[in-house]
Structure formats: C-alpha cells, structure tokens
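# Secondary and tertiary structure notes
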Amino acid sequence: VPATDSLSIYSDSEIKVSGEQINDLHLKKALNKSDILEVIEDYDIIFNSIIGYKLDNKIIADSPVGIYGDILNVDFYKFAVKKNIIKTLRSLFNDLNINIETFIPTPLSSALATLNSDDKHLGAVNIDLGASSSSICIFENDNLLFIDSINIGGKNITNDIARGIPTNIESAERLKTLYGSVIS
C-alpha cells in the first residue's frame, strides 16, 4: 500500500501498578486504556504496534514483564491510509479473484527487504527513492517508529539537473546515473 494520503499517529497509556510485578495483564490493561484501537474517520489502520515502555519514568528496552514498579507507560504507533485507497486495491484484486490477507505499507516492505536484523535493532532509516515518490521507514530496537512518503523522486532530480545546467532531460538522466551517488 502506498504511504501517500496516510497518517502516522503516536499515543501512550499510563497505568498505576503500585509496586507490583509487571505481567501480561498489566500490558493488556494499558492497551485497553489507550486509543490505539480507535477508528479514524475516513482511514483504515493497516499497522499498529507498541514502540516502547517506561517504568517509573525510566525507558525499558524490552518487555517490562517481570519487573517491579509503580507507574507503567506504554507508547504506541499506528499507521493509517485513506479508506478509498484500500477500497480501490481490494476491488482490483477481487476482480482478479485474488484474496488479500493483509496490506503492507510500501515503505515497510522496502525496509524489510533491505534491512537485516542488526539494522532494525540498532536503528536504521530506510529511504526508497522512486521515480516519482520517495518513502521513508525508521526502525529502532526492532520497532517500526515511523512511515511516510513524499511525491518527490528521481524524475525531480533529473529535471533539476536539466534546469540547473541547461541541458535536455536525456542528458540530465545520464549525468544523474553516471555521477550521482549517496554516501552512507
């Protein structure tokens, strides 16, 4: 699913655990108290996840289950796409008798294809520069933190080269592919 016409929404939930050992029921209580599952008008939520925990205002890298504390905060992320985009895609695939189980945001599929587990754990930004749009996907601690897309791509770079050093599009494209690079 393209990331255009989308929303990235962050929220959190806080519950008091009063010195108890954190267990799965506490996590479910925090989930139920949050708005992560709330519907967004005119949008379909296609991805949501827990992106972090804090216990007594200290960041916990992994699950807090088994740790004692007083106040548990759970941070959430959800990604939603306009309903009309999803309806159009479903209709196209239904016409072809293809059943769609899950929609994956394009930036996420690009990141999953190119990043290894260390990249996702240590933190990485995956930028997919397409012809007419570019997308970004950010990971840290094995959590997807952000997805977005802009309508600027390789064609825009080619056009800028053609305007900047007065030349035709074909020559600008050749210059871009021969001498253009990204250093990481």
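To keep things clear, this report deals only with the structure shown in the data block. (Residues numbered from 1 in each chain as written. Predicted model: local features only at pLDDT ≥ 70, side-chain atom pairs only at ≥ 80, totals over all residues. Heavy atoms only, no water.)

This part is about the overall build of the protein chain. The helix and strand tally for the protein chain stands at 6 helices and 7 strands. The order of α-helices and β-strands along the protein chain, N terminus first, is β-α-β-β-β-α-α-α-β-β-β-α-α. For 184 residues, the compact-globule estimate of 2.2 N^0.38 gives 16 Å, and the protein chain exceeds it by more than 25% at 21 Å. Oriented by its inertia axes, the alpha-carbon framework of the protein chain measures out at about 70 × 45 × 25 Å. Relative to its 184 residues, the protein chain shows a buried fraction of 33%. Of the contacts made within the protein chain by residues no fewer than 6 positions apart, 60% connect residues no fewer than 24 positions apart. Once the 16 positive and 25 negative side-chain charges of the protein chain are each reduced to a mean point, those two points are 4 Å apart. (Helix = DSSP H or I, 4+ residues; strand = E, 2+ residues; numbered from the N terminus. Rg over C-alpha atoms; globule rule 2.2 N^0.38 Å. Buried < 20%, exposed > 50% of the residue type's maximum accessible area, 1.4 Å probe, protein only. Contact = heavy atoms within 4.5 Å. Lys, Arg positive; Asp, Glu negative; His and termini not counted. Charge placed at Lys NZ, Arg CZ, Asp CG, Glu CD.)

Let us now look at the side chain of S34. Within the secondary structure layout, S34 lies in the loop between α1 (24-33) and β2 (43-55). Of the polar contacts made by the side chain of S34, one reaches the backbone oxygen of L31; its length is 2.7 Å. Not counting residues within four places of it along the chain, the set of residues in contact with S34 comprises S13 and F76. (Polar contact = N/O pair within 3.5 Å; in protein donor to acceptor, adjacent residues only side chain to side chain.)

A separate point is the sheet that holds strand β5 (residues 124-129). Taken in spatial order, the 3 strands make up an open sheet running β5-β6-β7, and their pairing is antiparallel. Of all the strands in the sheet, the pair left with one neighbour each is β5 and β7 (143-150). Going across the sheet, the axis of each strand differs from the next one's by a mean of 10°, ignoring polarity. Across 6 bridges, β5 lies against strand β6 (residues 134-140) in antiparallel orientation. Following the sheet pairing, D128 is matched in β6 by S135. (Pairing = 2+ DSSP bridges. Axes fitted to C-alpha atoms, helices over the stretch in contact; angles between N-to-C directions.)

One face of the sheet, then the other: side chains in a regular strand alternate in exactly this way. Looking at chain direction, β6 and β7 are connected through 7 bridges and run antiparallel. Paired with S135 across the strands is S149, a residue of β7. Between β6 and β7, which pair antiparallel one after the other, the connecting turn spans 2 residues, and N141 there sits at a positive phi close to 50°.

Among the nonpolar cores identified, the biggest contains 19 residues, and V1, I46, F79, C137, F139, L144 and I147 are the most heavily contacted of them. Elements that contribute at least two residues to this core include exactly β2, β4 (71-82), α2 (83-95), α3 (106-114), β6 and β7. In this structure, I15, A30, L55 and L72 belong to the second largest nonpolar core, which totals 12 residues. (Core = buried A, V, L, I, M, F, W, Y, C linked by side-chain atoms within 4.5 Å.)

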